[in-house]
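Close look at the chain arrangement
Given next are the chains, with one letter for each unit.
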Amino acid sequence: MFKIVILAGNFTRDTCGLEEMKVGACFVNPKKRIVGTGYNGMPNNCSNRLLPWGKDKRDDSKLGAKDYYVCHAEMNGVINRFSADLDGCTIYVSLFPCNECAKIIIQSGIKEVVYYSDKKNDKEEVEAAKILFEEARVKTRQYDRRKRMKVEVDFESIEAEPQPRKRARKE
């Protein structure tokens, strides 16, 4: 699932240049079918060029930073899911969710969060998310990072002309 999470995260227009901000999410139902994906992005009909993507905090305000504007991967995935409901699903996400996303995850009925990185574990938003998940009995676990993977899209094989099949010889 994390190959899909990483690919989804690459859809972001985040210009911070930080790979950890390219957050992706993938929702899987109890039958192991993908029922949604999400990535960090601006709300519908809001310009990726006009609203800030950086962390510029002028005058002690967050209005020049992306914090107030960007929809997180988890939110986008829940809102734009392919399925009628997410009850009992597992979310695979590249970065441990913040408290706001934790509330959305809990309200949508998701029962498990599998995350790749917890590098923001010193933030209050993440600590609050962990408290919420524990209280709501949503299981959380870190992906086994020993299962490293390489995500590669081979466009040449997709665009290649199909080769005719060799027919079996009749004797």
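This text follows the structure it describes.
Computed from a prediction, not measured in an experiment: that's the story for all the values here. Counting restarts for each chain: residues are numbered from 1 in the order of the written sequence. Where local features are concerned, this predicted model is filtered to residues with pLDDT of at least 70; where side-chain atom pairs are given and counted, the filter is 80 or more; whole-chain, interface and lining totals use all residues. Only hydrogens and water are set aside when side-chain values are computed; all heavy atoms of the structure are taken into account.

**Quick look at the nonpolar core**
Filter applied, for reference: Side-chain atoms within 4.5 Å are what join buried Ala, Val, Leu, Ile, Met, Phe, Trp, Tyr and Cys residues into a set we call a nonpolar core. Only protein chains enter the area calculation, which uses a 1.4 Å probe; residues under 20% of their type maximum are buried, those over 50% are exposed, and those in between are partly exposed. Helix and strand assignments follow DSSP, with helices taken as H or I runs no shorter than four residues and strands as E runs no shorter than two, numbered in order from the N terminus.
Formed by 21 residues in total, the largest nonpolar core has its most connected members in Phe27, Leu86, Ile91, Val93, Ile110, Val113 and Phe133. Of all the elements in the fold, those that place two or more residues in this core are strand 1 (24–28), helix 2 (73–79), strand 3 (90–95), helix 3 (99–107), strand 4 (112–117) and helix 4 (124–136). One finds Val5, Cys26, Val28 and Val114 within the second-largest nonpolar core, a separate group that totals six residues.

**Re the pairing of strand 2 (residues 34–39)**
Note the threshold: A pair of strands is labelled paired if DSSP reports no fewer than 2 bridges between them.
Of the pairings in the sheet, the one linking strand 1 to strand 2 comprises five bridges and is antiparallel in character. Following the sheet pairing, Gly24 is matched in strand 2 by Tyr39. Hairpin geometry of strand 1 and strand 2 is characterised by an intervening segment of five residues between the two adjacent antiparallel strands and by a positive phi of about 65 degrees at Lys32.

**What to know about helix 4**
Put simply, the rule is: The span one expects for a helix is its residue count, reduced by one, times 1.5 Å. The arc under discussion is defined with respect to the helix axis, by the directions toward the C-beta atoms. In what follows, residue pairs with any heavy atoms lying within 4.5 Å of each other are defined as contacts.
Look at helix 4: 18 Å from first C-alpha to last across 13 residues, which is about the 18 Å you get at 1.5 Å a residue. Three or more residues of helix 4 are buried, namely Val126, Ala129 and Phe133. Along helix 4, the residues classed as buried sweep out an arc of 55 degrees about the axis, all on the same side. In helix 4, the exposed positions angled more than 90 degrees off the buried face are occupied by Glu124, Ile131, Glu134 and Glu135. Where helix 4 is buried, its residues meet helix 3, strand 4 and strand 5 (139–142). Phi turns positive one or two residues past the end of helix 4, at Arg137, with a value near 60 degrees.

**Comments concerning the pattern of salt bridges**
Heads up, the rule is: A pair is scored as a salt bridge if a Lys or Arg side-chain nitrogen falls within 4 Å of a carboxyl oxygen belonging to Asp or Glu.
Tallied over the full model, the rule gives four salt bridges. With a shortest N-O distance of 3.1 Å, Glu100 and Lys103 are connected by a salt bridge. Residue Glu100 and its partner Lys103 are located together in helix 3, separated by three residues, close to a single helical turn. Glu100 gets classed as partly exposed once you look at its relative accessible area, which sits at 44%. Asp118 is the partner of Lys130 in a salt bridge, and the nearest nitrogen-oxygen pair spans 2.7 Å. Taken together, the residues span a long stretch of sequence, with Lys130 in helix 4 and Asp118 in the loop between strand 4 and helix 4 at a distance of twelve residues. Judged by its relative accessible area of 28%, Lys130 falls in the partly exposed class. Residue classification places Asp118 among the buried residues on the basis of a relative accessible area of 16%.

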